[in-house]
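Here is what each chain is made of, one letter per residue.
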Amino acid sequence: MRRFSVSVVLVLGAIGVGLACSDDARPGVTEDGTASSTSSSSSSGGPLTDDGGGGIDGDAEPDEIIGPGLCENVVQASQVVGEWNSNALAKKPAGGAITRGMYVLNEILALGWIGDMNAADPPAPGPTGSYARSTIYVGPKAMRFTESSGTDADNLPADTVHAASYSTAGSNLVLTNACPSAQGSSTIAYTATPNLLTFHLADDKVHIYRLVP
């Protein structure tokens, strides 16, 4: 029997910084992940081109600044999601144009045949005992993440926040760390549809995020 552990997002390693999160009366959130104010966001939330050079519409929000400020005031909007094992086979990453906006964790799947490979029938799908919450804010040039994971759904650790500039190359998303460390980069296979962003973290591990209108 394989053991599973949640590896939320996994794109920037262990560079996050702690950010306390309350479930009570969370503030409104702008598309870039900061607490909302009386002014409105200028972002249209449209799809980004998959051009291998950043997946960015060159005419959209050119003033987005890549730096430490990306990790400030990032709001957690995700509910706690339990990881679920499934006997379905993983689909191949398909890439695609990434729509700007706020994404919340929707599903965590541990894919493939779980348990005795010689059994006549696969075991029934079920929870693995791992849990997470995660929110991603996709801007024209950067992605901002706030996330937490653990085995106690009612007592997850404080959220960590990190951000990166990004580009796309086929079905790969390339992230260059911006904060809290500006060192290093990561590549992750992905599939984007107009309202979903799927990270293929491994052959048997998929995290699916839902775009919040």
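Refer to the structure presented above.
Quick caveat: nothing in here was measured; it's all calculated off a predicted structure.

A closer look at the overall build of the protein chain
Scanning the protein chain from terminus to terminus reveals zero helices and 10 strands. Traced from its N-terminal end to its C-terminal end, the protein chain shows the element sequence β-β-β-β-β-β-β-β-β-β. Put simply, the protein chain has 213 residues, and 43% of those count as buried. In the protein chain, the share of contacts with a sequence separation of at least 24, taken over all contacts with a separation of at least 6, comes to 70%. Carbon and sulfur atoms make up 52% of the accessible area of the protein chain, which totals about 10,500 Å².

Regarding the pattern of salt bridges
Following the criterion strictly, the structure yields two salt bridges and no others. Its salt-bridge partner being Lys205, residue Glu83 comes within 2.4 Å of it at the nearest N-O pair. With a gap of 122 residues between them, Glu83 in strand 2 (residues 81-86) and Lys205 in strand 10 (residues 205-212) connect regions that are remote in the sequence. Among the salt bridges present, the one from Arg133 reaches Asp159, with a minimum N-O distance of 2.8 Å. Of this pair, Arg133 sits in strand 4 (residues 126-138) while Asp159 sits in strand 6 (residues 159-169), and the two are 26 residues apart along the sequence. Residue Asp159 is classed as buried on the basis of its relative accessible area, which comes to 0%.

Some remarks on the layout of surface pockets
Taken as a whole, the second largest pocket encloses approximately 280 Å³ of empty space. Lys91, Leu109, Thr198, Val206 and Ile208 are the residues nearest the centre of the second largest pocket, which is lined by 17 residues in total. When contributions to the lining of the second largest pocket are tallied by element, the ones reaching two or more residues are strand 3 (101-111), strand 9 (196-202) and strand 10. The element best represented in the lining of the second largest pocket is strand 3, accounting for four residues.

Here we look at unusual backbone geometry
For the peptide bond that leads from Cys179 to Pro180, omega is 0 degrees, which places it in the cis range. Take Pro180: it is sitting in the loop between strand 7 (172-179) and strand 8 (185-192). Of note, the phi angle at Asn73 is positive, near 55 degrees, even though the residue is not glycine.

Side note on the state of the cysteines
Summed over all chains, the structure comprises one disulfide. Each disulfide pairs two cysteine sulfurs, and for Cys71 the partner residue is Cys179, the sulfurs being separated by 2.1 Å. The S-S bond linking Cys71 to Cys179 shows a torsion near 95 degrees; that makes this disulfide right-handed. Note that Cys71 is positioned in the loop between strand 1 (17-19) and strand 2 and Cys179 in strand 7, a separation of 108 residues in sequence. This pair shows no difference in class: Cys71 is buried, exactly as Cys179 is.

Quick word on the pairing of strand 6
Where burial is concerned, most of strand 6 is hidden: nine out of the 11 residues are buried. The sheet contact formed by strand 5 (residues 142-150) and strand 6 spans six bridges and is antiparallel. Bridging across to strand 6, Phe145 finds its partner in His162. Taken together, the seven bridges between strand 6 and strand 7 define a ladder with antiparallel strand orientation. In the sheet register, Ala169 faces strand 7, and the bridge partner there is Asn172.

Analysis parameters
Residues numbered from 1 in each chain as written. Predicted model: local features only at pLDDT ≥ 70, side-chain atom pairs only at ≥ 80, totals over all residues. Heavy atoms only, no water. Helix = DSSP H or I, 4+ residues; strand = E, 2+ residues; numbered from the N terminus. Buried < 20%, exposed > 50% of the residue type's maximum accessible area, 1.4 Å probe, protein only. Contact = heavy atoms within 4.5 Å. Areas by Shrake-Rupley, 256 points an atom, 1.4 Å probe, with all protein chains shown as cover. Salt bridge = Lys/Arg side-chain N within 4 Å of Asp/Glu carboxyl O. 1 Å grid on protein atoms, 1.4 Å probe; cavity = no way out; pocket = protein on both sides within 12 Å on 5 of 7 lines; lining within 4 Å. Points joined across faces, edges and corners; volume = space filled by probe spheres on them. Disulfide = S-S within 2.5 Å. Pairing = 2+ DSSP bridges.

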